[in-house]
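Coordinate analysis (summary)
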Amino acid sequence: MDIFEAVRQRHSVRQYLDKPLEENVKSDLLDLIKECNRKSGLNIQLVCDEPKAFQSKLAKYGHFENVTNYIVLVGKKQPRLDEKCGYWGQKIAIAAQMMGLNTCWVALSYKKIPGAFTVEKDEKLTVVIAVGYGANQGKERKSKKPEHVCYDIQSAPLWFKRGVDFALLAPTATNQQKFTINLDGISNRVKIKAGIGPQSKVDLGIVKYNFEVGAGKENFEWAVKNTVEIRITD
């Protein structure tokens, strides 16, 4: 499975097999998280074999079953933290799909378990991602049409259209898809804007990652005001 197939095939999965992560898969996931933390400056953590977080009433209401592994998106408090967590979290979620795992973004339907992970005083936990071997592969959801998120999609170059198609495959809170993507008056500069809604800034980061996969990062640059710093000095 390549990254394009992974983006297309990844759907939210809430029911998992009672099966621990295979050691090689766990190791690869930890290596990826470490690399993402190095590049982003975040403090993303993998929690394994911890069943209590998804045994709350909210989790049961959300139909979560056998969630014992999850990724916590944590970072230092800053204006665009949610967006950054969305971007890097989606990178990990797509990589997990390529490893044969399934995922689900979760904002509220879990409880924080003391000692399971760390959040420093100057940090914030944004969202978590359930991860494991799905009891199913999830379902394809309804999606907006490209013209609903881009006012001039018909005259846009092919790479841009492909980017928008992939952006519309991104998971968003309650499937709201409250974002717009347009060319910024220059042939290879793209502007993206989040709408108003729950977790819309996290969604923005997720959508940006998907757009980059579809469009090809070599074909464009983000408009400066929309750019999230995704690297730190090596």
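Residues numbered from 1 in each chain as written. Predicted model: local features only at pLDDT ≥ 70, side-chain atom pairs only at ≥ 80, totals over all residues. Heavy atoms only, no water.

We now examine the side chain of Asp-203. Checked against the element boundaries, Asp-203 lands in helix 7 (residues 200-215). One buried charged residue, Asp-203, remains without a salt bridge, the closest side chain of opposite sign being Lys-178 at 8.9 Å. Polar contacts involving the side chain of Asp-203 include one to the main-chain amide nitrogen of Ala-173, which spans 3.1 Å. Sequence-distant contacts of Asp-203, that is, excluding residues within four places in its chain, are made with Pro-171, Thr-172, Ala-173, Gln-176 and Pro-198. (Helix = DSSP H or I, 4+ residues; strand = E, 2+ residues; numbered from the N terminus. Buried < 20%, exposed > 50% of the residue type's maximum accessible area, 1.4 Å probe, protein only. Lys, Arg positive; Asp, Glu negative; His and termini not counted. Salt bridge = Lys/Arg side-chain N within 4 Å of Asp/Glu carboxyl O. Polar contact = N/O pair within 3.5 Å; in protein donor to acceptor, adjacent residues only side chain to side chain. Contact = heavy atoms within 4.5 Å.)

What follows is about helix 4 (residues 81-98). For an α-helix the count is 3.6 residues per turn, leaving residues at separations of three or four pointing the same way. Helix length check: helix 4, at 18 residues, gives a terminal C-alpha distance of 26 Å against a target of 26 Å (1.5 Å per residue), a fit within 8%. Along helix 4, 15 of the 18 residues are buried, which leaves the element largely enclosed by surrounding structure. Gly-100, located one to two residues past helix 4, shows a positive phi value of around 90 degrees. (Expected span 1.5 Å × (residues − 1).)

What follows deals with the environment of Ala-59. You can see Ala-59 is positioned in helix 3 (residues 57-61). The class of Ala-59 is buried, set by a relative accessible area of 0%. Spatially, the C-alpha atom of Ala-59 lies 9.5 Å from that of Arg-14, the residues being 45 residues apart in sequence.

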